[in-house]
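An overview of the molecular structure
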Amino acid sequence: MPRRDIGCGRLSNRRNEYMMFISPNVDINESSTEWLKLNAMLWHTAAYAYREEKNITVSDTLEINLLNKYCGVVLLLPELLNSSSSIKCYTSKNKFVSIFQIMPVTNEMMKEKLRRGQEGIYWLMEQFYTHDDEYKIISTNALANL
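So, how was this worked out
Residues numbered from 1 in each chain as written. Predicted model: local features only at pLDDT ≥ 70, side-chain atom pairs only at ≥ 80, totals over all residues. Heavy atoms only, no water. Salt bridge = Lys/Arg side-chain N within 4 Å of Asp/Glu carboxyl O. Buried < 20%, exposed > 50% of the residue type's maximum accessible area, 1.4 Å probe, protein only. Helix = DSSP H or I, 4+ residues; strand = E, 2+ residues; numbered from the N terminus. Contact = heavy atoms within 4.5 Å. Arc of directions from axis to C-beta.

Here we take up the pattern of salt bridges. Throughout the structure, instances matching the rule amount to five salt bridges. One salt bridge connects E52 with R51, and the closest N-O pair in it is separated by 3.8 Å. Residue class for R51 comes out partly exposed when judged on its relative accessible area of 44%. Among the salt bridges present, the one from R116 reaches E112, with a minimum N-O distance of 2.7 Å. Of this pair, R116 and E112 both sit in helix 2 (residues 107–116), separated by four residues, roughly a single helical turn.

Let us now look at the environment of L124. Turning to its location among the elements, L124 is positioned in helix 3 (residues 120–126). Not counting chain neighbours up to four residues away, the residues in contact with L124 comprise T61, V74, V105, M109 and K113.

Backbone phi values are negative for most residues with the exception of glycine, while trans is the configuration of most peptide bonds. With a phi close to 55°, E53 is a non-glycine residue in the positive phi region. Tracing the chain through its elements places E53 in the loop between helix 1 (36–52) and strand 4 (61–63).

Next up on the list: helix 2. Turning to helix 2, its buried residues are M109, M110, E112 and K113. Along the axis of helix 2, the buried residues cluster in a sector spanning 165°; they form a single face. The outward face of helix 2, more than 90 degrees from its buried face, is lined by the exposed residues E108, K111, L114 and R115. The inward-facing, buried residues of helix 2 contact strand 4, strand 5 (70–76), strand 7 (96–106) and helix 3. Two residues or fewer past helix 2, G117 is found with a positive phi of approximately 65°.

Listed below in structure tokens is the structure:
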């Protein structure tokens, strides 16, 4: 993905921050190692832009195969938060990094996204955040699970 215009005169970049909301039913402790798969996806996503020398932004889908049920991630705005003020972090007066939510994507979801073509990314994003006609959230499935 080359450096590209993402609207309002802004360009995609490699300097983003990432977060993942984990479902409460995922056991995260020293005796459990399953949650480390989600942690590995988060770290692979954070390193992706530099490793691949690509600029990424919200709604990008990245293929990250870690030999488990997920084959990649989609970058979302963290709509689970009550305020959008926390998704832009200023590094100087006019420069900022965006904070994106990482959602793991299964092989089936990736195939369906590709089958739908241009509309596939909207379909994929609606799997995690569903909106009404006024773009208000009506349901969420925004917690990563194993």
